[in-house]
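For reference, the chains in residue letters:
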Amino acid sequence: MKSLFTVCLLAVMVITFNGCKKNHDDKKRNCRIITATPIPGGDGYIFTYGADGKLSSASLGPSFIQYANTGTTKIVTTTTSGQFVSKVIIINNAAGLALNVRTEFNPAGTNWTNTVYEYTGEELKKSTTTDSSGTTSSVTDYVWVNHNMVTGGTAGSTPTTFDYFLDKPHQQGDFFFLLQTLQGYEIYRPKNLLKEFGGSTFTYDFNADGNISLLGVISGGNTTFLQYQYQCD
């Protein structure tokens, strides 16, 4: 879990989103995040979308992620300065949750990891990971309470724990959303906003539209930020 946290935030950062103004009829508009810029500075993410409204690419400095969708299959290709980094092949279920994720670390696809995800409804219950080295598979079990994942871990290890803001719904712009948007697949669909995980605490502010305007990450006594900009229909 910590490795995903590191990939997502690169160096624990926090995110501020510039929201959209309300329509005159007070109907909530469809808004998409188009930039995520760290505060006080540094490279930020730029997101682009296709005509279908689905994410087509994300970039961070010299790194570029391309997302291609075909039915229930998605392919996510990452390059840095034009050089191959990884290719991820994702098979989703009818609910849009990942069933199988294969990550290839060389162009030939001979160096890989593969994870199978199992659910009860929309709650992730178990993941099993194997790799091209042929080592013993790694199995992680997950426990949910009131539609929020509260623990996840392998047998014999100390489980990772999660805490939530029970009065705030999970939504676009929270930590899990950012993480899963970047990796190109969804496996966590909690009911509420994540409050704490992996030694980091998350805080949120909201704009007049109810969208997250500020995500704060507090870790090791330091607080960092990311600033988001929305594009609205």
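How each quantity is defined
- Numbers given to residues run from 1 along each chain, matching the order in which its sequence is written.
- Side-chain atom pairs in this predicted model are given and counted only at pLDDT of 80 or more, local residue features only at pLDDT of at least 70, and totals for whole chains, interfaces and linings cover all residues.
- Only heavy atoms go into the side-chain values, all of them from the structure, while hydrogens and water stay out.
- Strand pairing follows a simple DSSP-based rule, namely that at least 2 bridges must link the two strands.
- Secondary structure elements follow DSSP: runs of H or I of four or more residues count as helices, runs of E of two or more count as strands, with numbering from the N terminus.
- What pLDDT reports is the predictor's confidence in each residue, on a scale of 0 through 100.
- Any pair of residues with heavy atoms lying within 4.5 Å of one another is described as a contacting pair.
- When accessible area is computed with a 1.4 Å probe and restricted to protein chains, residues below 20% of their type maximum are described as buried, those above 50% as exposed, and intermediate ones as partly exposed.
- Definitions used throughout: a 1 Å grid over protein atoms alone; a cavity as a set of points that fits a 1.4 Å probe which cannot get out; a pocket as an open set with protein on both sides within 12 Å along at least five of seven lines; a lining residue as one with an atom within 4 Å of a point.
- Grid points are joined across faces, edges and corners, and a volume is the space filled by probe spheres set on the points.
- Under the convention adopted here, Pro, Cys and the residues Ala, Val, Leu, Ile, Met, Phe, Trp and Tyr are nonpolar, Asp, Glu, Lys and Arg are charged, and Gly plus all remaining residues are polar.
- In what follows, a disulfide is any cysteine sulfur pair within 2.5 Å.
- Classification of ring pairs rests on two measures: the distance between centres of Phe, Tyr or Trp rings, Trp counted by its six-membered ring, which must be within 6.5 Å, and the angle between planes, read as stacked under 30 degrees, edge-to-face over 60 and tilted in between.

K.L.:
Would you mind going over the pairing of strand E11 (residues 138-145) in detail, with residue names and values included?
P.N.:
Sheet analysis places strand E10 (residues 123-131) next to E11, joined by four bridges and oriented antiparallel. Along E11, the bridge assignment pairs Lys126 with Asp141. Taken together, E10 and the strand that follows it, E11, pair antiparallel across an intervening segment of six residues, in which Gly134 is found at a positive phi of about 80°. Where E11 lies against strand E12 (residues 148-154), six bridges are found, and the strand directions are antiparallel. Paired with Asp141 across the two strands is Gly153, which belongs to E12. Here E11 folds back onto E12, and the loop between the two strands holds two residues, one of which, Asn146, carries a positive phi near 55°.

K.L.:
Tell me what's going on with the confidence of the model for the chain, and back it up with residues and numbers.
P.N.:
Averaged over every residue, the pLDDT of the chain is 86; residues scoring 70 or more account for 88%. This model gives residues 1-26 a pLDDT under 50, and the stretch forms 84 contacts once residues within four places in sequence are excluded.

K.L.:
Which residues make up helix H2 (residues 175-183), and what values go with them?
P.N.:
Where burial is concerned, most of H2 is hidden: eight out of the nine residues are buried. For H2, the set of buried residues is Phe175, Phe176, Leu178, Leu179, Gln180, Thr181, Leu182 and Gln183. In the stretch just after H2, Gly184 is the one whose phi turns positive, near 90°.

K.L.:
Break down the layout of surface pockets for me, citing the residues and quoting the values.
P.N.:
Empty space within the second largest pocket amounts to approximately 710 Å³. Taken together, 28 residues make up the lining of the second largest pocket; nearest its centre are Leu55, Lys74, Phe177, Thr181 and Glu186. Of all the secondary-structure elements, those providing two or more residues to the lining of the second largest pocket are strand E2 (31-39), strand E3 (45-49), strand E6 (73-80) and H2. The biggest single contributor to the lining of the second largest pocket is H2, with four residues. Residues belonging to the lining of the second largest pocket are distributed by class as follows: nine nonpolar, 15 polar and four charged.

K.L.:
Any chance you could break down the state of the cysteines for me, citing the residues and the numbers?
P.N.:
Applying the stated rule across the entire model yields one disulfide. The disulfide that involves Cys31 links it to Cys232, with 2.1 Å between the sulfurs. Disulfide Cys31 to Cys232: torsion about the S-S bond roughly 105°, handedness right-handed. You can see Cys31 sitting in strand E2 and its partner Cys232 sitting in strand E17 (residues 222-232), a full 201 residues away along the chain.

K.L.:
Would you mind going over the packing of aromatic side chains in detail, with residue names and values included?
P.N.:
Here the distance between the centres and the angle between the planes together describe a pair of aromatic rings. As enumerated under the stated definition, the model contains nine aromatic pairs in all. For the ring pair Tyr45 and Phe47, a centre distance of 6.0 Å and an interplane angle of 25° mean the geometry is stacked. The pair Tyr45 / Phe47 is uniform in exposure class, with both members buried. Taken together, a centroid distance of 6.2 Å and an interplanar angle of 40° make the contact between Phe162 and Phe176 tilted. Of this pair, Phe162 sits in strand E13 (residues 160-169) while Phe176 sits in helix H2; the two residues are 14 residues apart in sequence, bridging distant segments of the chain. Phe162 gets classed as buried once you look at its relative accessible area, which sits at 7%. Taken together, the aromatic side chains of Phe162, Phe175, Phe176, Tyr188, Phe197 and Phe202 make up a single cluster linked through ring pairs.

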